[in-house]
Amino acid sequence: MMPRKSPDSPFGVTLSRYLLRNPHLTRDQLAAGIHQDPAVITDMCKGRRLTGFQARQRILRIIAWLHENKALFSLEEADTLLTAADMAPLDPDRPEEAALWRMLTDPDLLEPHNDAPAFTISHPIAVPARFYGRSRILERLFDLWRDRVQHAIILGPRYSGKTSLLYFLQRLQATTQIDLRPDQTNEWISRASRIRWVYVDFRNPNMGNAAYLLRYLLHRMGMPAPRGVMLDSFIATVSAQLRSPTIILFDEVGIARERYHELGRPFWDGLSSLAQTGTYQRLGYVLTAESTIESPVFDVQFFGINGHLVHLGPFEIHEARQLIASSPIPFPEEDFEWILETSNLWPLPLQILCHERLSALQLGEKGTGWRERASHHLALYRACFTAV
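Residues numbered from 1 in each chain as written. Predicted model: local features only at pLDDT ≥ 70, side-chain atom pairs only at ≥ 80, totals over all residues. Heavy atoms only, no water.

### Quick word on the nonpolar core
When a protein is soluble and globular, its nonpolar side chains tend to lie buried together.
1) Next: Ranked by internal contacts, the top residues of the largest apolar core, which has 71 residues, are Phe202 and Trp268.
2) Next: If you look at the next biggest cluster of nonpolar residues, it comprises 29 residues, including Phe131, Ile137, Tyr199 and Val286. (Core = buried A, V, L, I, M, F, W, Y, C linked by side-chain atoms within 4.5 Å. Buried < 20%, exposed > 50% of the residue type's maximum accessible area, 1.4 Å probe, protein only.)

See the structure below:
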(Lines give C-alpha, C1' and ligand atoms only; values in the text may rest on other atoms or scores of the structure.)
Protein backbone atom coordinates (compact mmCIF):
# COMPACT_ATOMS: atom_id res chain seq x y z
CA MET A 1 0.00 0.00 0.00
CA MET A 2 1.34 3.40 -0.97
CA PRO A 3 1.92 5.76 2.00
CA ARG A 4 -0.58 8.59 2.15
CA LYS A 5 0.77 12.04 1.38
CA SER A 6 0.61 14.42 4.30
CA PRO A 7 -1.49 17.52 3.57
CA ASP A 8 0.12 20.89 3.05
CA SER A 9 0.43 23.22 6.01
CA PRO A 10 -1.23 26.67 5.95
CA PHE A 11 2.05 27.97 4.52
CA GLY A 12 1.98 25.36 1.75
CA VAL A 13 -1.67 26.09 0.92
CA THR A 14 -0.99 29.84 0.67
CA LEU A 15 2.18 29.39 -1.38
CA SER A 16 0.38 27.07 -3.81
CA ARG A 17 -2.42 29.61 -4.22
CA TYR A 18 0.09 32.28 -5.21
CA LEU A 19 1.99 29.99 -7.61
CA LEU A 20 -1.25 29.12 -9.42
CA ARG A 21 -1.58 32.75 -10.51
CA ASN A 22 1.13 32.09 -13.08
CA PRO A 23 0.66 28.74 -14.86
CA HIS A 24 4.35 28.63 -15.72
CA LEU A 25 5.55 28.66 -12.10
CA THR A 26 6.32 25.52 -10.09
CA ARG A 27 7.79 24.76 -6.69
CA ASP A 28 10.94 23.43 -8.38
CA GLN A 29 11.37 26.74 -10.23
CA LEU A 30 10.89 28.56 -6.96
CA ALA A 31 13.56 26.41 -5.31
CA ALA A 32 16.00 27.17 -8.14
CA GLY A 33 15.11 30.85 -8.04
CA ILE A 34 16.06 31.20 -4.37
CA HIS A 35 18.97 28.71 -4.58
CA GLN A 36 17.44 26.02 -2.41
CA ASP A 37 17.07 22.27 -2.78
CA PRO A 38 13.47 21.43 -3.84
CA ALA A 39 13.27 19.16 -0.79
CA VAL A 40 13.56 22.26 1.41
CA ILE A 41 10.51 23.84 -0.25
CA THR A 42 8.61 20.57 0.13
CA ASP A 43 9.48 20.44 3.83
CA MET A 44 8.34 24.03 4.29
CA CYS A 45 5.03 23.30 2.58
CA LYS A 46 4.51 20.40 4.99
CA GLY A 47 5.08 22.66 8.00
CA ARG A 48 8.74 21.83 8.59
CA ARG A 49 11.79 24.14 8.45
CA LEU A 50 9.61 27.11 9.44
CA THR A 51 11.36 28.23 12.63
CA GLY A 52 14.41 30.35 13.24
CA PHE A 53 16.26 33.16 11.49
CA GLN A 54 17.20 31.12 8.40
CA ALA A 55 13.61 30.05 7.85
CA ARG A 56 12.44 33.67 7.87
CA GLN A 57 15.20 34.62 5.44
CA ARG A 58 14.07 31.87 3.06
CA ILE A 59 10.49 33.12 3.17
CA LEU A 60 11.65 36.69 2.52
CA ARG A 61 13.46 35.44 -0.58
CA ILE A 62 10.32 33.53 -1.60
CA ILE A 63 8.25 36.72 -1.27
CA ALA A 64 10.70 38.68 -3.41
CA TRP A 65 10.76 35.92 -6.04
CA LEU A 66 6.96 35.67 -6.17
CA HIS A 67 6.67 39.44 -6.52
CA GLU A 68 9.27 39.48 -9.30
CA ASN A 69 7.34 36.76 -11.14
CA LYS A 70 3.96 38.53 -10.74
CA ALA A 71 2.51 35.97 -8.34
CA LEU A 72 2.41 38.20 -5.23
CA PHE A 73 1.26 41.78 -5.48
CA SER A 74 0.96 43.48 -2.12
CA LEU A 75 2.23 43.85 1.42
CA GLU A 76 -0.97 42.19 2.65
CA GLU A 77 -0.24 39.10 0.59
CA ALA A 78 3.35 38.99 1.82
CA ASP A 79 2.17 39.25 5.42
CA THR A 80 -0.41 36.51 4.79
CA LEU A 81 2.39 34.16 3.70
CA LEU A 82 4.48 35.02 6.76
CA THR A 83 1.52 34.62 9.10
CA ALA A 84 0.78 31.23 7.53
CA ALA A 85 4.28 30.22 8.61
CA ASP A 86 3.52 31.45 12.14
CA MET A 87 5.82 34.45 11.71
CA ALA A 88 5.39 38.17 12.27
CA PRO A 89 4.63 40.44 9.30
CA LEU A 90 7.33 42.35 7.47
CA ASP A 91 9.02 44.87 9.74
CA PRO A 92 10.26 48.06 8.01
CA ASP A 93 12.45 48.79 11.04
CA ARG A 94 14.59 45.73 10.36
CA PRO A 95 17.34 46.66 7.88
CA GLU A 96 17.16 43.27 6.14
CA GLU A 97 13.40 43.69 5.57
CA ALA A 98 13.10 47.41 4.88
CA ALA A 99 13.85 47.17 1.14
CA LEU A 100 11.28 44.41 0.62
CA TRP A 101 8.66 46.29 2.66
CA ARG A 102 9.27 49.44 0.62
CA MET A 103 9.09 47.50 -2.66
CA LEU A 104 5.60 46.31 -1.71
CA THR A 105 4.31 49.67 -0.45
CA ASP A 106 6.12 52.49 -2.22
CA PRO A 107 4.09 53.76 -5.21
CA ASP A 108 7.33 54.59 -7.02
CA LEU A 109 8.34 50.93 -6.88
CA LEU A 110 4.93 49.40 -7.52
CA GLU A 111 3.79 48.81 -11.07
CA PRO A 112 3.21 52.29 -12.54
CA HIS A 113 -0.28 52.76 -13.89
CA ASN A 114 1.20 53.53 -17.32
CA ASP A 115 2.79 50.05 -17.31
CA ALA A 116 -0.20 48.23 -15.81
CA PRO A 117 -2.47 46.43 -18.29
CA ALA A 118 -5.07 48.75 -19.74
CA PHE A 119 -7.78 46.16 -19.07
CA THR A 120 -7.70 43.46 -16.40
CA ILE A 121 -9.78 40.28 -16.46
CA SER A 122 -7.85 37.74 -14.36
CA HIS A 123 -7.17 39.66 -11.12
CA PRO A 124 -8.84 42.38 -9.07
CA ILE A 125 -7.73 45.90 -9.98
CA ALA A 126 -4.62 46.54 -7.86
CA VAL A 127 -3.43 49.89 -9.29
CA PRO A 128 -5.64 52.78 -8.09
CA ALA A 129 -5.27 54.72 -11.34
CA ARG A 130 -6.74 51.75 -13.23
CA PHE A 131 -9.80 51.66 -10.97
CA TYR A 132 -12.83 53.13 -12.73
CA GLY A 133 -16.37 53.78 -11.59
CA ARG A 134 -17.99 53.67 -8.15
CA SER A 135 -17.28 57.37 -7.52
CA ARG A 136 -20.64 57.95 -5.82
CA ILE A 137 -20.08 54.91 -3.60
CA LEU A 138 -16.59 56.10 -2.66
CA GLU A 139 -17.94 59.52 -1.76
CA ARG A 140 -20.54 57.88 0.48
CA LEU A 141 -17.98 55.68 2.18
CA PHE A 142 -15.46 58.43 2.83
CA ASP A 143 -18.22 60.70 4.09
CA LEU A 144 -19.18 57.86 6.43
CA TRP A 145 -15.63 57.84 7.83
CA ARG A 146 -15.15 61.61 7.92
CA ASP A 147 -15.32 62.02 11.72
CA ARG A 148 -15.27 58.45 13.04
CA VAL A 149 -15.12 54.95 11.62
CA GLN A 150 -18.40 53.16 11.02
CA HIS A 151 -19.39 49.81 9.53
CA ALA A 152 -20.38 49.26 5.91
CA ILE A 153 -21.84 46.26 4.11
CA ILE A 154 -21.15 45.96 0.38
CA LEU A 155 -23.37 43.59 -1.58
CA GLY A 156 -23.21 42.64 -5.23
CA PRO A 157 -23.21 39.68 -7.60
CA ARG A 158 -20.06 37.72 -8.23
CA TYR A 159 -17.53 39.63 -10.39
CA SER A 160 -19.20 42.98 -9.69
CA GLY A 161 -15.95 44.48 -8.38
CA LYS A 162 -16.24 44.06 -4.60
CA THR A 163 -12.61 42.99 -4.14
CA SER A 164 -11.31 45.68 -6.49
CA LEU A 165 -13.16 48.28 -4.43
CA LEU A 166 -11.53 47.02 -1.22
CA TYR A 167 -8.12 46.98 -2.92
CA PHE A 168 -8.64 50.58 -3.96
CA LEU A 169 -9.48 51.63 -0.40
CA GLN A 170 -6.43 50.01 1.15
CA ARG A 171 -3.98 51.03 -1.60
CA LEU A 172 -4.91 54.71 -1.49
CA GLN A 173 -2.76 55.31 1.59
CA ALA A 174 0.34 54.24 -0.38
CA THR A 175 -0.55 56.46 -3.36
CA THR A 176 0.27 60.05 -4.21
CA GLN A 177 -1.80 62.42 -6.33
CA ILE A 178 0.63 62.08 -9.22
CA ASP A 179 -0.15 58.36 -9.33
CA LEU A 180 -3.90 58.96 -9.71
CA ARG A 181 -5.84 60.13 -12.73
CA PRO A 182 -6.76 63.83 -12.85
CA ASP A 183 -10.42 63.00 -12.15
CA GLN A 184 -9.58 61.09 -8.96
CA THR A 185 -9.68 63.40 -5.97
CA ASN A 186 -6.69 63.97 -3.73
CA GLU A 187 -9.08 64.34 -0.78
CA TRP A 188 -9.65 60.58 -0.85
CA ILE A 189 -5.94 60.05 -0.16
CA SER A 190 -5.95 62.34 2.87
CA ARG A 191 -8.99 60.57 4.30
CA ALA A 192 -7.60 57.08 3.62
CA SER A 193 -4.18 57.91 5.07
CA ARG A 194 -5.49 58.52 8.59
CA ILE A 195 -6.95 54.99 8.75
CA ARG A 196 -5.14 51.69 9.25
CA TRP A 197 -6.55 49.17 6.77
CA VAL A 198 -6.53 45.41 7.33
CA TYR A 199 -7.69 43.19 4.48
CA VAL A 200 -9.04 39.66 5.08
CA ASP A 201 -9.81 37.37 2.12
CA PHE A 202 -12.12 34.54 3.18
CA ARG A 203 -11.38 32.70 -0.07
CA ASN A 204 -8.09 31.89 1.64
CA PRO A 205 -8.93 28.72 3.63
CA ASN A 206 -6.38 29.64 6.31
CA MET A 207 -8.74 32.42 7.39
CA GLY A 208 -11.28 29.79 8.42
CA ASN A 209 -9.13 28.91 11.41
CA ALA A 210 -10.17 31.28 14.19
CA ALA A 211 -6.78 31.32 15.95
CA TYR A 212 -4.98 31.92 12.65
CA LEU A 213 -7.35 34.75 11.72
CA LEU A 214 -7.13 36.46 15.11
CA ARG A 215 -3.34 36.24 15.09
CA TYR A 216 -3.25 37.64 11.57
CA LEU A 217 -5.44 40.58 12.64
CA LEU A 218 -3.20 41.31 15.63
CA HIS A 219 -0.11 41.21 13.41
CA ARG A 220 -1.66 43.59 10.89
CA MET A 221 -2.71 45.99 13.68
CA GLY A 222 0.85 46.01 15.02
CA MET A 223 0.03 44.24 18.29
CA PRO A 224 1.57 41.24 20.08
CA ALA A 225 0.21 38.06 18.52
CA PRO A 226 0.82 34.98 20.67
CA ARG A 227 0.23 31.53 19.27
CA GLY A 228 -3.14 29.99 20.01
CA VAL A 229 -4.79 33.35 20.69
CA MET A 230 -8.45 33.03 21.70
CA LEU A 231 -11.32 35.44 21.07
CA ASP A 232 -11.41 36.72 24.67
CA SER A 233 -7.67 37.50 24.74
CA PHE A 234 -7.92 39.08 21.27
CA ILE A 235 -10.70 41.39 22.46
CA ALA A 236 -8.74 42.30 25.59
CA THR A 237 -5.58 43.09 23.58
CA VAL A 238 -7.33 45.22 20.97
CA SER A 239 -9.39 47.05 23.61
CA ALA A 240 -6.25 47.97 25.52
CA GLN A 241 -3.91 48.80 22.62
CA LEU A 242 -5.91 50.17 19.67
CA ARG A 243 -5.08 53.87 19.37
CA SER A 244 -5.59 54.82 15.73
CA PRO A 245 -8.72 54.50 13.53
CA THR A 246 -8.74 51.04 11.98
CA ILE A 247 -11.03 49.43 9.43
CA ILE A 248 -10.98 45.68 8.81
CA LEU A 249 -12.05 44.75 5.29
CA PHE A 250 -13.73 41.33 5.44
CA ASP A 251 -14.02 40.12 1.85
CA GLU A 252 -16.65 37.47 0.97
CA VAL A 253 -18.14 36.82 4.41
CA GLY A 254 -20.70 34.51 2.80
CA ILE A 255 -17.87 32.01 2.35
CA ALA A 256 -17.00 32.35 6.05
CA ARG A 257 -20.55 31.53 7.04
CA GLU A 258 -20.93 28.57 4.68
CA ARG A 259 -17.55 26.88 5.12
CA TYR A 260 -15.88 27.89 8.38
CA HIS A 261 -17.58 26.43 11.43
CA GLU A 262 -15.12 28.09 13.82
CA LEU A 263 -16.41 31.49 12.70
CA GLY A 264 -19.95 31.11 13.99
CA ARG A 265 -22.24 33.58 15.69
CA PRO A 266 -20.21 33.75 18.95
CA PHE A 267 -17.17 34.82 16.92
CA TRP A 268 -19.02 37.61 15.11
CA ASP A 269 -20.85 38.67 18.27
CA GLY A 270 -17.45 39.12 19.90
CA LEU A 271 -16.18 41.29 17.04
CA SER A 272 -19.37 43.34 17.10
CA SER A 273 -19.07 43.92 20.83
CA LEU A 274 -15.41 44.90 20.46
CA ALA A 275 -16.24 47.60 17.90
CA GLN A 276 -19.25 48.91 19.82
CA THR A 277 -17.90 49.12 23.37
CA GLY A 278 -14.24 48.17 23.51
CA THR A 279 -12.46 50.58 21.16
CA TYR A 280 -14.16 53.97 21.58
CA GLN A 281 -15.38 53.91 17.95
CA ARG A 282 -11.85 53.53 16.60
CA LEU A 283 -12.64 50.16 14.98
CA GLY A 284 -14.89 49.64 11.97
CA TYR A 285 -15.69 46.78 9.62
CA VAL A 286 -16.45 46.59 5.92
CA LEU A 287 -18.09 43.31 4.93
CA THR A 288 -18.63 42.19 1.34
CA ALA A 289 -20.96 39.40 0.30
CA GLU A 290 -22.44 37.98 -2.87
CA SER A 291 -26.05 38.96 -3.42
CA THR A 292 -28.53 38.36 -6.25
CA ILE A 293 -32.29 38.35 -6.71
CA GLU A 294 -32.21 34.63 -5.91
CA SER A 295 -30.25 35.29 -2.70
CA PRO A 296 -30.76 38.95 -1.83
CA VAL A 297 -30.68 39.00 1.97
CA PHE A 298 -27.58 39.69 4.02
CA ASP A 299 -28.03 37.92 7.37
CA VAL A 300 -27.50 40.79 9.80
CA GLN A 301 -28.56 38.62 12.74
CA PHE A 302 -25.84 36.04 12.06
CA PHE A 303 -23.00 38.55 11.75
CA GLY A 304 -24.40 40.95 14.34
CA ILE A 305 -22.87 43.94 12.55
CA ASN A 306 -25.18 46.74 11.51
CA GLY A 307 -23.69 48.93 8.83
CA HIS A 308 -24.49 51.29 6.01
CA LEU A 309 -25.64 49.22 3.03
CA VAL A 310 -24.04 49.62 -0.39
CA HIS A 311 -25.17 47.73 -3.51
CA LEU A 312 -22.79 47.26 -6.43
CA GLY A 313 -24.70 47.29 -9.68
CA PRO A 314 -23.69 48.20 -13.23
CA PHE A 315 -21.57 51.27 -13.86
CA GLU A 316 -23.20 54.56 -14.63
CA ILE A 317 -23.04 55.30 -18.35
CA HIS A 318 -20.37 58.00 -17.99
CA GLU A 319 -18.20 55.64 -15.89
CA ALA A 320 -18.40 52.93 -18.56
CA ARG A 321 -17.54 55.43 -21.27
CA GLN A 322 -14.55 56.61 -19.26
CA LEU A 323 -13.22 53.05 -18.89
CA ILE A 324 -13.60 52.31 -22.61
CA ALA A 325 -11.97 55.62 -23.52
CA SER A 326 -8.90 54.69 -21.44
CA SER A 327 -7.72 52.32 -24.18
CA PRO A 328 -4.23 53.29 -25.41
CA ILE A 329 -5.58 52.78 -28.96
CA PRO A 330 -8.94 54.54 -29.48
CA PHE A 331 -11.81 52.26 -30.45
CA PRO A 332 -13.98 53.00 -33.49
CA GLU A 333 -17.29 54.57 -32.49
CA GLU A 334 -19.35 51.55 -33.62
CA ASP A 335 -17.24 49.27 -31.40
CA PHE A 336 -17.49 51.74 -28.54
CA GLU A 337 -21.28 51.60 -28.67
CA TRP A 338 -21.36 47.82 -29.18
CA ILE A 339 -19.27 47.33 -26.04
CA LEU A 340 -21.59 49.57 -24.04
CA GLU A 341 -24.68 47.69 -25.19
CA THR A 342 -23.24 44.17 -24.92
CA SER A 343 -21.73 44.67 -21.46
CA ASN A 344 -24.92 46.08 -19.91
CA LEU A 345 -22.41 48.38 -18.16
CA TRP A 346 -21.13 45.67 -15.77
CA PRO A 347 -17.42 46.09 -14.95
CA LEU A 348 -16.11 42.59 -15.77
CA PRO A 349 -17.92 42.34 -19.15
CA LEU A 350 -16.59 45.81 -19.95
CA GLN A 351 -13.05 44.69 -19.13
CA ILE A 352 -13.40 41.50 -21.21
CA LEU A 353 -14.82 43.26 -24.26
CA CYS A 354 -12.28 46.09 -24.12
CA HIS A 355 -9.42 43.61 -23.69
CA GLU A 356 -10.50 41.64 -26.77
CA ARG A 357 -10.94 44.78 -28.90
CA LEU A 358 -7.58 46.21 -27.87
CA SER A 359 -5.82 42.90 -28.56
CA ALA A 360 -7.33 42.80 -32.05
CA LEU A 361 -6.19 46.35 -32.77
CA GLN A 362 -2.68 45.66 -31.48
CA LEU A 363 -2.41 42.60 -33.72
CA GLY A 364 -3.69 44.54 -36.75
CA GLU A 365 -6.71 42.26 -37.03
CA LYS A 366 -9.42 43.36 -39.46
CA GLY A 367 -13.13 42.67 -39.32
CA THR A 368 -15.37 41.73 -36.41
CA GLY A 369 -13.96 38.33 -35.49
CA TRP A 370 -12.94 39.76 -32.14
CA ARG A 371 -16.63 40.24 -31.29
CA GLU A 372 -17.31 36.53 -31.64
CA ARG A 373 -14.36 35.65 -29.40
CA ALA A 374 -15.43 38.26 -26.87
CA SER A 375 -19.00 36.95 -26.86
CA HIS A 376 -17.81 33.39 -26.22
CA HIS A 377 -15.63 34.64 -23.38
CA LEU A 378 -18.47 36.67 -21.96
CA ALA A 379 -20.80 33.66 -22.02
CA LEU A 380 -18.71 32.04 -19.25
CA TYR A 381 -19.84 34.78 -16.86
CA ARG A 382 -23.26 35.62 -18.24
CA ALA A 383 -25.16 33.78 -15.47
CA CYS A 384 -23.59 36.06 -12.85
CA PHE A 385 -25.25 39.11 -14.37
CA THR A 386 -28.60 37.80 -15.60
CA ALA A 387 -30.00 36.84 -12.16
CA VAL A 388 -29.49 40.22 -10.50
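### Things to note about the sheet that holds strand 5 (residues 308-311)
1) Next: The 5 strands lie next to each other as 2-3-4-1-5, forming an open sheet whose pairing is parallel. The open sheet terminates on both sides in strands that have one partner only, identified here as strand 2 (196-201) and strand 5. If you compare each strand with its neighbour and ignore which way they point, the axes differ by 15° on average.
2) Next: Across 5 bridges, the pairing between strand 1 (residues 152-156) and strand 4 (residues 283-290) is parallel. Within strand 4, the residue paired with Ile153 across the bridge is Leu287.
3) Next: Sheet strands touched by helix 7 (residues 135-144): strand 1 and strand 5. Its angle to strand 5, the strand with the most contacts, is close to 165°. (Pairing = 2+ DSSP bridges. Helix = DSSP H or I, 4+ residues; strand = E, 2+ residues; numbered from the N terminus. Axes fitted to C-alpha atoms, helices over the stretch in contact; angles between N-to-C directions. Contact = heavy atoms within 4.5 Å.)

### Quick notes on the side chain of Ser326
1) Next: Within the element layout of this structure, Ser326 appears in the loop between helix 15 (317-325) and helix 16 (333-343).
2) Next: Here Leu323 takes part through its backbone oxygen, which lies 2.5 Å from a polar atom of the side chain of Ser326.
3) Next: Those residues in contact with Ser326 that lie beyond four places of it in its chain are Phe119 and Tyr132. (Polar contact = N/O pair within 3.5 Å; in protein donor to acceptor, adjacent residues only side chain to side chain.)

### Here we look at the side chain of Arg171
1) Next: Mapped onto the fold, Arg171 is located in helix 8 (residues 162-171).
2) Next: One buried charged residue, Arg171, forms no salt bridge at all, with the nearest opposite charge on Glu76 at 5.6 Å.
3) Next: Among the polar contacts listed, one links the side chain of Arg171 to the backbone oxygen of Ala126, at a separation of 3.5 Å. (Lys, Arg positive; Asp, Glu negative; His and termini not counted. Salt bridge = Lys/Arg side-chain N within 4 Å of Asp/Glu carboxyl O.)

### A few points about the pairing of strand 4
1) Next: Most of strand 4 sits inside the fold, with 7 of its 8 residues counted as buried.
2) Next: Where strand 3 (residues 246-251) lies against strand 4, 5 bridges are found, and the strand directions are parallel. Looking at strand 4, one finds that Phe250 is bridged to Leu287.

### Quick word on the packing of aromatic side chains
1) Next: Here the structure, examined in full by the defined rule, presents 15 aromatic pairs.
2) Next: Their ring planes at 85° and their centres at 6.0 Å tell us that Phe142 and Trp145 sit as a pair that is edge-to-face. Considered together, Phe142 and Trp145 belong to a single accessibility category, that of buried residues.
3) Next: Pairing Phe250 with Trp268 gives two aromatic rings, centres 5.3 Å apart and planes at 75°, and the pair type is edge-to-face. Of the two residues, Phe250 is situated in strand 3 and Trp268 in helix 13 (residues 265-278); the sequence distance between them amounts to 18 residues.
4) Next: Accessibility expressed as a relative area gives 0% for Phe250, which makes it buried. (Phe/Tyr/Trp six-rings, centres within 6.5 Å; stacked < 30°, edge-to-face > 60°.)

### Here's the deal with the pattern of salt bridges
1) Next: Under the counting rule described, the total for this entry stands at 21 salt bridges.
2) Next: As a salt-bridge pair, Arg49 and Asp43 come within 3.0 Å of each other at their nearest N and O atoms.
3) Next: Among the residues examined, Arg49 registers a relative accessible area of 44% and is labelled partly exposed.
4) Next: A salt bridge links Arg373 to Glu365; the nearest nitrogen and oxygen atoms lie 3.0 Å apart.

### Observations concerning the packing of helix 4 (residues 53-68) against helix 5 (residues 75-84)
1) Next: Across the interface, helix 4 lies against helix 5 with an axial gap of 11 Å and an inter-helix angle of 150°. As the angle between them shows, helix 4 and helix 5 are arranged roughly antiparallel. The two elements helix 4 and helix 5 meet at a crossing, and its hand is right-handed. Contacts between helix 4 and helix 5 involve Arg56, Ile59, Ile62, Ile63 and Leu66 on the former and, on the latter, Ala78, Leu81 and Leu82.
2) Next: Taken together, the residues of the contact of helix 4 with helix 5 break down into 7 nonpolar, no polar and 1 charged. (Parallel < 35°, antiparallel > 145°, perpendicular 65-115°, else oblique. Left-handed = near helix turned anticlockwise from the far one by under 90°. Nonpolar A, V, L, I, M, F, W, Y, C, P; charged D, E, K, R; others polar.)

### Notes on the environment of Gln170
1) Next: The residue Gln170 is located in helix 8 in this model.
2) Next: It is 12 Å that separates the C-alpha atoms of Gln170 and Ile125, two residues lying 45 residues apart in sequence.
3) Next: In contact with Gln170, not counting residues within four places along its chain, are Glu76, Trp197, Tyr199 and Leu249.

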